[in-house]
Amino acid sequence: MAPPMSAGTFLDRLRAEGATVVEVGDWEHHNRNHKGPWGPVHGVMIHHTATTGDDRTVALCRDGRPDLPGPLCHGVITKDGLVHLVGYGRANHAGLGDDDVLRAVVAEKALPGADEADTDGNRHFYGFECENLGDGTDPWPAAQFDAIARVSAAVCRHHGWSERSVIGHLEWQPGKVDPRGFPMDRLRERVRDRLK
C-alpha cells in the first residue's frame with residue numbers, strides 16, 4: 001500500500017528520469033479530490049487521447065468535457081515528447097475497472113483479462129494521456145514513446161515498483177482500446193530496462 005507522492009516530489013521524479021516537463025497553471029491543486037479519495041496508489045495507467053494538436057489536447061485533458069470534468073489525467077504527453085502536467089490528485093482517467101486486475105497489479109503478476117468494472121481506478125492509478133488518434137495508424141514518435149517510458153519508470157522507481165505496475169486502460173476496463181498502436185508489453189520492457 002503506497003500513499004501518493006507529493007506534487008513537488010512527482011515533478012522532481014519526472015525530471016530526474018529525464019522527462020521534459022511543462023507545468024500548466026495550478027496543476028498541483030487541480031484535482032477531483034472532493035469526489036473521493038486519492039490513494040493508496042498501485043500503478044501507472046497509460047491512455048491515448050483520440051485527439052490531435054498539442055494545445056487542444058492539453059486543454060481538453062486539463063478542463064475535461066461537459067460530461068466528464070477535468071483533470072482527465074495527471075500528465076499529457078504530446079507527440080514531441082513534452083510532458084504537460086495538468087492536475088495532481090484524483091483525476092477522471094481510469095474509471096471503474098476489474099478488481100482482479102488491481103490485485104494482479106498490486107502483486108506485480110501477469111494481468112488477467114478485464115471482464116468487470118467494479119473498482120474505482122481513479123483512486124489507485126497515476127494517469128498519463130498520450131496525444132494520438134488511437135486509430136491504429138497514427139504514429140507514436142520515438143520522442144513520445146520514450147517520454148511515456150520515462151514517466152512510467154519515474155513513478156515506479158519512486159514507489160519501488162517493477163514494470164508490471166504499468167498498465168494500459170484497455171487492460172483495466174472492459175471495452176477500452178487505449179492505448180492503441182503499440183503493445184503494452186513493449187512499453188513494459190522499456191520501463192524494465194530503465195529500472196535496471
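Residues numbered from 1 in each chain as written. Predicted model: local features only at pLDDT ≥ 70, side-chain atom pairs only at ≥ 80, totals over all residues. Heavy atoms only, no water.

Visitor: Could you clarify how one ought to interpret the overall build of the protein chain in this entry?
Guide: Each helix and strand in the protein chain was counted, giving six helices and 10 strands. For the protein chain, the C-alpha radius of gyration of 15 Å lies close to 16 Å, the compact-globule estimate for 196 residues. Each principal axis of the C-alpha distribution contributes one length, and for the protein chain these read about 35 × 35 × 35 Å. Counted over contacts in the protein chain with a minimum sequence separation of 6, partners at least 24 positions apart contribute 72%. With an accessible surface of roughly 8,200 Å², the protein chain has 48% of that area assigned to carbon and sulfur atoms. Between the centroid of the 23 positive side chains of the protein chain and the centroid of its 29 negative side chains there is a distance of 3 Å. (Helix = DSSP H or I, 4+ residues; strand = E, 2+ residues; numbered from the N terminus. Rg over C-alpha atoms; globule rule 2.2 N^0.38 Å. Contact = heavy atoms within 4.5 Å. Areas by Shrake-Rupley, 256 points an atom, 1.4 Å probe, with all protein chains shown as cover. Lys, Arg positive; Asp, Glu negative; His and termini not counted. Charge placed at Lys NZ, Arg CZ, Asp CG, Glu CD.)

Visitor: Before we go on, may I ask you to explain the environment of Ala94 in this structure?
Guide: Inspection of the secondary structure assignment puts Ala94 in the loop between strand 6 (82–85) and strand 7 (96–97). The buried category is assigned to Ala94, whose relative accessible area is 1%. Sequence spacing of Ala94 and Gly113 is 19 residues, and the spatial spacing of their C-alpha atoms is 16 Å. Excluding residues within four positions of it along the chain, Ala94 makes contact with Met45, His47, Gly121, Asn122, His169, Trp172 and Gln173. (Buried < 20%, exposed > 50% of the residue type's maximum accessible area, 1.4 Å probe, protein only.)

Visitor: Just to check I follow, could you spell out the sheet that holds strand 5 (residues 75–77) for this structure?
Guide: Strands sit in the order 1-6-5-9-2-10 across an open sheet of six strands; the sheet is mixed. Looking at the sheet topology across the chains shown, the edges are occupied by strand 1 (20–23) and strand 10 (166–168). Averaged over all adjacent pairs, the angle separating strand axes in this sheet is 30°, with direction ignored. The sheet contact formed by strand 5 and strand 6 spans three bridges and is antiparallel. Bridge pairing links Gly75 to Leu85 in strand 6. (Pairing = 2+ DSSP bridges. Axes fitted to C-alpha atoms, helices over the stretch in contact; angles between N-to-C directions.)

Visitor: For this particular structure, what's the right way to read the pattern of salt bridges?
Guide: Once their charged atoms are close, side chains differing in charge can pair, the charge on each being opposite to the other. One pass over the structure, following the stated rule, counts 16 salt bridges. Arg15 is the partner of Glu23 in a salt bridge, and the nearest nitrogen-oxygen pair spans 3.4 Å. Classification of Arg15 by relative accessible area gives partly exposed; the value is 41%. We note a salt bridge from Asp185 to Arg188, for which the minimum N-O separation is 2.9 Å. In this pair, Asp185 and Arg188 are both assigned in helix 6 (residues 184–195), three residues apart and thus about one turn of the helix distant. By relative accessible area, Arg188 is classed as buried at 12%. Salt bridges here are not isolated pairs; linked through shared partners, they connect Glu17, Arg157 and Arg194. (Salt bridge = Lys/Arg side-chain N within 4 Å of Asp/Glu carboxyl O.)

Visitor: For this particular structure, what's the right way to read the packing of helix 1 (residues 7–16) against helix 4 (residues 142–159)?
Guide: Packing of helix 1 against helix 4 leaves a shortest axis separation of 8 Å and a crossing angle of 120°. Classed by the angle they form, the pair helix 1 and helix 4 counts as oblique. The chirality of how helix 1 crosses helix 4 is right-handed. In contact with Thr9, Phe10, Arg13 and Leu14 of helix 1, helix 4 contributes Val151, Ala154, Val155 and His158. Classifying every residue of the contact of helix 1 with helix 4 gives five nonpolar, two polar and one charged. (Parallel < 35°, antiparallel > 145°, perpendicular 65-115°, else oblique. Left-handed = near helix turned anticlockwise from the far one by under 90°. Nonpolar A, V, L, I, M, F, W, Y, C, P; charged D, E, K, R; others polar.)

Visitor: Before we go on, may I ask you to explain unusual backbone geometry in this structure?
Guide: Trans is the common state for peptide bonds, and a negative phi is the common state for residues other than glycine. A cis amide bond links Gly39 with the next residue in sequence, Pro40, at an omega value of 0°. As for its position among the elements, Pro40 is in the loop between strand 1 and strand 2 (43–48). Across the junction of Gly70 and Pro71, the peptide omega takes the value 0°, indicating a cis bond. Mapped onto the secondary structure, Pro71 falls in the loop between strand 4 (68–69) and strand 5. Phi is positive for Glu108, which is not a glycine, with a value near 55°. On the secondary structure map, Glu108 appears in the loop between helix 3 (99–107) and strand 8 (119–120).

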